[in-house]
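Residues per chain are reported as follows:
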Amino acid sequence: MATQKLLIFRWGIISTGAISTAFVKDILLDPKTRGVEDIVHKVTAVGSRSIDSASSFVDKLINADGSVKIYGNYAEVYNDPNVDAVYIGTPHTLHYLNASDAIKSGKHVLVEKPATTNTQEFRSLVTLAKQHGVFLMEAMWTRFQPVARAVKQNIDLGVLGAPVMVHADLSGDFDIENIPLTHRILDPNLGGGAILDLGPYPLVWAIITLYEHPENNRSKPTVSASMVKTPLTGVDRSTCFTLNFSELAAQAQLSCNINIPPCSISATLRFRNGNILIPAPIYCPRWYIVQHFDKPGSGKVQREETIHFEIFGGGWHFQADEVARCVCEGRLESSVWGHEKTLLEMEIFDEVHRQGEYRLPEGVEQVI
Ligand SMILES: NC(=O)c1ccc[n+]([C@@H]2O[C@H](COP(=O)([O-])OP(=O)(O)OC[C@H]3O[C@@H](n4cnc5c(N)ncnc54)[C@H](OP(=O)(O)O)[C@@H]3O)[C@@H](O)[C@H]2O)c1
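As recorded in an unreviewed UniProt entry, the protein chain goes by the name D-xylose 1-dehydrogenase (NADP(+), D-xylono-1,5-lactone-forming), listed as coming from Multifurca ochricompacta. Listed under Catalytic activity (unreviewed entry) in UniProt, the entry text for the protein chain is "D-xylose + NADP(+) = D-xylono-1,5-lactone + NADPH + H(+)". The protein chain has a UniProt comment under Sequence similarities (unreviewed entry) that states "Belongs to the Gfo/Idh/MocA family."

Here you go:
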């Protein structure tokens, strides 16, 4: 029997905040705990604005044998020859600059969601990545998880018939009355507000169910949106957006909010013959429910199945496996969450901002 070649994939980590911590913890778990036999992730460099922060990040999270390079800036990570790909975990408004610097140094890039603050920035990153022949992906981790993959398979099999409506919400109580106005969720200069931070999650379920539906033919939806802004800093506290997919005659009604807790069922995918219920947390559900109606449109649930998945870790490692495999195969984008889907996401968010009459502060968007 042929033995599978093991790929050791080397990451450089940009910034040492909450999400970089979660990502690194996950990628350093034994990949076999998620059935992955062909890849091992290694962190070979960490860059922070502060060398002390980079150093304590490495001490805390990585079994350092002295081989992890610790840098008090980001540039040295981009230039480190022992780094294959860079993971960017800075606030939204820095993603464009950090990603473009990494790409220009010839590094493959996984950049946190939202990939950029607007469509033009992401378009510019795509052009740059193609020029430099490097892989680029937004860290839309939910799309790579077992529940998302299973739900997508279920939809493609068409067991529940035509999709009609998606309801999805991600809310989180950030205690906005009591956190500093400079917190990234409130500060307009860091892309604060609900839509850029939380909006990607309800949207990903609409993309899976409707945009990716075989009968949608990749048609883009029209958007209608409204925002409620907080007087604290003027960013959106609550945003609702509806997407109309005319090819399918289906809609998605999506929302996000930064001062209420999440719902226990965070997405309901409604079809003619039944429903799929996605529990919280919407970004990493560990089970889902399929409800079958006795006849199309009746709403009478004849049979209900709950499907569970055991996930070791937080769920951030699945996307890292995708990056490693794509890079290994010489691909410049993922076929699961490629450039086209991030561009769609950013176009929708631009339109939500426009209809919500919200503009990022002058000078924040690097490409307009
Ligand atoms: N995928 C997910 O589940 C998930 C969850 C949460 C957040 N995110 C995304 O990850 C990004 C960061 O969120 P986070 O919660 O990790 O934020 P965070 O805890 O504040 O960390 C952000 C890090 O960015 C660096 N940074 C560079 N310039 C900065 C500046 N001007 N202000 C603040 N920090 C700066 C800092 O690291 P150094 O000082 O070390 O350079 C900081 O620790 C956001 O884009 C967010 O949307 C994703």
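Peer 1: Looking at this model, I keep getting lost on the packing of aromatic side chains. Mind explaining?
Peer 2: The relation between two aromatic rings is expressed through the spacing of the ring centres and the mutual angle of the planes. Considering all chains together, one arrives at 8 aromatic pairs under this definition. Between Trp-141 and Tyr-201, the aromatic rings sit 6.5 Å apart at their centres with planes inclined by 85°, giving edge-to-face as the arrangement. In this pair, Trp-141 sits in the loop between β6 (136–138) and α6 (146–157) while Tyr-201 sits in helix α8 (residues 200–211), placing the two residues 60 residues apart along the sequence. With relative accessibility at 6%, the residue Tyr-201 sits in the buried group.

Peer 1: Which parts of the structure should I look at to understand the nonpolar core?
Peer 2: Side chains of a nonpolar character, in soluble globular proteins, are inclined to be buried together. Counting 116 residues, the largest nonpolar core has Trp-11, Phe-23, Trp-205, Phe-241, Leu-243 and Ile-276 as the members making the most contacts within it. With 9 residues, α8 is the single largest residue contributor to this core. Residue-level mapping places this core at the junction of two domains, with at least three residues from each of domain 1 (7–141 + 317–336) and domain 2 (146–310 + 345–355).

Peer 1: How should the environment of Val-235 be read in this particular structure?
Peer 2: Mapped onto the elements, Val-235 comes out in the loop between β8 (222–229) and β9 (236–245). Separated by 31 residues in the primary sequence, Val-235 and Val-204 place their C-alpha atoms 22 Å from one another. Excluding anything up to four places from it in sequence, Val-235 contacts Ile-185, Leu-186, Asp-187, Pro-188, Gly-192, Gly-193, Val-228, Lys-229, Thr-230 and Tyr-358.

Rules used in this analysis
- Residues numbered from 1 in each chain as written.
- Predicted model: local features only at pLDDT ≥ 70, side-chain atom pairs only at ≥ 80, totals over all residues.
- Heavy atoms only, no water.
- UniProt positions renumbered as here; feature names shortened; annotations may be inferred.
- Phe/Tyr/Trp six-rings, centres within 6.5 Å; stacked < 30°, edge-to-face > 60°.
- Helix = DSSP H or I, 4+ residues; strand = E, 2+ residues; numbered from the N terminus.
- Buried < 20%, exposed > 50% of the residue type's maximum accessible area, 1.4 Å probe, protein only.
- Core = buried A, V, L, I, M, F, W, Y, C linked by side-chain atoms within 4.5 Å.
- Domains from an automatic or database assignment.
- Contact = heavy atoms within 4.5 Å.

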